[in-house]
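What follows is each chain in one-letter form.
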Amino acid sequence: MKMVIDGQQVDSSNGKVIEIRNPATGELLDTVPDATIEDVDRAIAAANRAQKEWAKLLPIERANMLYKVVEIARREIDDIAVLLSKECGKPLREAQFEANEFPDLLQEYIEKYKHLEGRVIENGFEAGQDGNLFVTVRMPYGVSVCLVPFNYPVELMAQKISSTLLAGNTAIVKISPYNPLSCIRLVNMFKEAGVPDGVLQIITGGVEVGERLTHSDQIHMINFTGSTATGTKIYEAAAKNLTKVSLELGGNDAFILCEDGDIDLAVEEVVAGRILCSGQVCIATKRLLIQNSVKEEFTNKLIERFKKIKQGDPLDDNNDMGCMINEAAAEKVQKQVELCVAQGAKIALGGTHEGAFYRPTVLVDCTRDMDVMKDMEIFGPVASIMGFDTVDEAIDIANQSSLGLGGCVFTSNMKTALKVCREVITGSMNINASSLLRSHEMPFGGAKKSGLGREGVCVSFDEVTQEKTIVFRNLHLM
Ligand code: NAD
């Protein structure tokens, strides 16, 4: 496949390509261009040219064009799901769910956009302002770079480009070099729907492509989802030009099971919250804090449940779990597990991998001084368990991480639940379910080093636009 720059499907200016392989089988799926700096600069120029006309269209004209994309996407979604499963290694049913998120999210953003309202601040509410009526309108920033991670490329691209484009910005998507194929197919649908050249472009390539985009003073907003390490570099680059940023970053979510919580439910929620996408989820349940009085029972049940998980060919519906994005990712998890063991943890199950297939793993005897209980995000199917005695202690351990994306608490006492939800510093908390939930409507995002800003149908238009005040003056003289 090729990149999309200024409405054309193009190769890299130096002809270099990146091979895209199925991580489960090693099969070569396709190649994509390895973009050069020259390619990036061409896309930035095209996005700036296109933005002026795009912003002048009526909101309903932009909305109607994107409705056509929804229709086209729905027709092709089954094919996209198979491609997504192959390029990510995630089970087909997970890929089907994610692929359907694309038209669903786009449609919901369009519906919301058609009902956005501005503000009117009447004259006379403030002394001396009796002749001034204030009306606010939302302006696009201009050209937005949308940087997407490998774990949910289709869903996260939809989250970013829907609001960005509807609000009158143009967008350059920089996709992960591991699995860009489904997103390229989706971007091509925008041309088919009549969206003008340069309004939505997609570039494939490595870190230098992302750096060129985020350092440019011709970019007016950076909308990033990815790791905290990369997000920090992007924030530094953005500061140079005072570019607006929205950062959705990594997490190390605490899962707190109190002794009065439902243990069987908690076990099932860990399976759902740690095994989906082979554990490569920002809001996966990563640090399992279990009250000591129920720790043994919970751990035994979790191990028995993890043993039953079928791992194998992602396209085979009998399997519960596929593989990670590549063997290097599994190797990285292996090293992190080894570090946990060196710091005192024991492997109660798993702890090995074959190629990109990392086995469901349970680590026990974790203690609060270990990296895994602080900032080390294990992006793989590893459940790290440690005990606690009091709820205050669990809250304290949860808060010792500099990350604060999500979290959860299992208890039958609503007073305890609310205390934990209020005192654990995160962007969201769940009661009696794992933190792994991202509804379209909820304001999604992190506290502390898990991000800046919120994403979701109810909040994204505030992120991708800036409020401008128009003042009707001297009304008292008329
Ligand atoms: P990553 O930070 O390595 O890469 C994300 C994107 O940024 C990719 O497209 C990559 O090519 C690009 N990139 C890398 N270095 C760059 C640089 N210096 N300048 C500009 N762009 C650069 O993340 P990943 O490994 O693809 O994804 C996993 C991480 O993303 C995890 O930490 C996970 O928690 C996080 N994540 C967060 C959310 C959220 O909503 N908070 C959602 C999904 C994933």
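The structure presented is a predicted model; accordingly, all values stated were derived computationally and were not measured.

**Concerning the nonpolar core**
Then step 1. Judged by nonpolar contacts, the single largest core of 64 residues is most densely connected at F102, M157, I161 and F190.
Then step 2. Counting the residues that make up this core, at least three belong to each of domain 1 (3-249 + 451-470) and domain 2 (253-439).
Then step 3. Apart from the residues within four sequence positions on either side, M157 is in contact with F102, V148, V173, C183, L186, V187 and I202.
Then step 4. Within the second largest apolar cluster, 34 residues are counted, among which are A329, C340, C366 and V382.

**Some thoughts on the pairing of strand 3 (residues 17-21)**
Then step 1. The two faces of strand 3 differ: I18 and I20 on one face are buried, but V17, E19 and R21 on the other face are not.
Then step 2. Bridge count between strand 3 and strand 4 (residues 28-33): five bridges; the pairing is antiparallel. Paired with E19 across the bridge in strand 4 is T31.
Then step 3. Two successive antiparallel strands, strand 3 and strand 4, enclose a turn made up of six residues, where G26 displays a positive phi of approximately 85°.

**Quick word on the sheet that holds strand 24 (residues 465-472)**
Then step 1. A sheet is described by the order of its strands in space; here three strands give the open sequence 5-6-24, paired in antiparallel fashion. Single-partner strands in this sheet number two, and they are strand 5 (119-121) and strand 24. Going from strand to strand, the sheet's axes swing by 25° on average, the running direction of each strand aside.
Then step 2. Both strand 5 and strand 6 (residues 133-140) contribute to a ladder of three bridges, which runs antiparallel. Bridging across to strand 6, R119 finds its partner in T136.

**Some remarks on the site of the ligand**
Then step 1. Around the ligand lies a shell of 28 residues, among which K174, S227, T230, L249 and E377 are the nearest.
Then step 2. In the model, an oxygen atom of the ligand is placed 2.9 Å from a nitrogen or oxygen of the V148 main chain.
Then step 3. Taking 850 Å² as the accessible area of the ligand by itself, protein coverage stands at 90%.
Then step 4. Only helix 6 (207-215), strand 10 (221-225) and helix 7 (228-241) provide two or more residues apiece to the shell around the ligand.
Then step 5. Counting residues per element, the shell around the ligand draws most heavily on helix 6, at three residues.
Then step 6. In terms of residue class, the shell around the ligand is made up of 15 nonpolar, nine polar and four charged.
Then step 7. Counting residues domain by domain, the shell around the ligand receives three or more from each of domain 1 (3-249 + 451-470) and domain 2 (253-439).

**As for the domain arrangement of the protein**
Then step 1. Assigned domains of the protein: these are domain 1 (3-249 + 451-470) and domain 2 (253-439).
Then step 2. A C-alpha centroid distance of 31 Å is found between domain 1 and domain 2.
Then step 3. Both faces considered, domain 1 and domain 2 share a buried interface measuring about 1,900 Å² in area, 55% of it formed by carbon and sulfur atoms.
Then step 4. Across the domain 1-domain 2 interface, the total number found is two salt bridges.
Then step 5. With its nearest N and O atoms 2.8 Å apart, the salt bridge here joins E455 to R438.
Then step 6. There are seven residue pairs in polar contact (both at pLDDT 80 or more) connecting domain 1 and domain 2.

Criteria and cut-off values
Residues numbered from 1 in each chain as written. Predicted model: local features only at pLDDT ≥ 70, side-chain atom pairs only at ≥ 80, totals over all residues. Heavy atoms only, no water. Core = buried A, V, L, I, M, F, W, Y, C linked by side-chain atoms within 4.5 Å. Buried < 20%, exposed > 50% of the residue type's maximum accessible area, 1.4 Å probe, protein only. Domains from an automatic or database assignment. Contact = heavy atoms within 4.5 Å. Helix = DSSP H or I, 4+ residues; strand = E, 2+ residues; numbered from the N terminus. Pairing = 2+ DSSP bridges. Axes fitted to C-alpha atoms, helices over the stretch in contact; angles between N-to-C directions. Near = heavy atom within 4 Å. Polar contact = N/O pair within 3.5 Å; in protein donor to acceptor, adjacent residues only side chain to side chain. Areas by Shrake-Rupley, 256 points an atom, 1.4 Å probe, with all protein chains shown as cover. Nonpolar A, V, L, I, M, F, W, Y, C, P; charged D, E, K, R; others polar. Buried area = accessible area lost by both parts, 1.4 Å probe. Salt bridge = Lys/Arg side-chain N within 4 Å of Asp/Glu carboxyl O.

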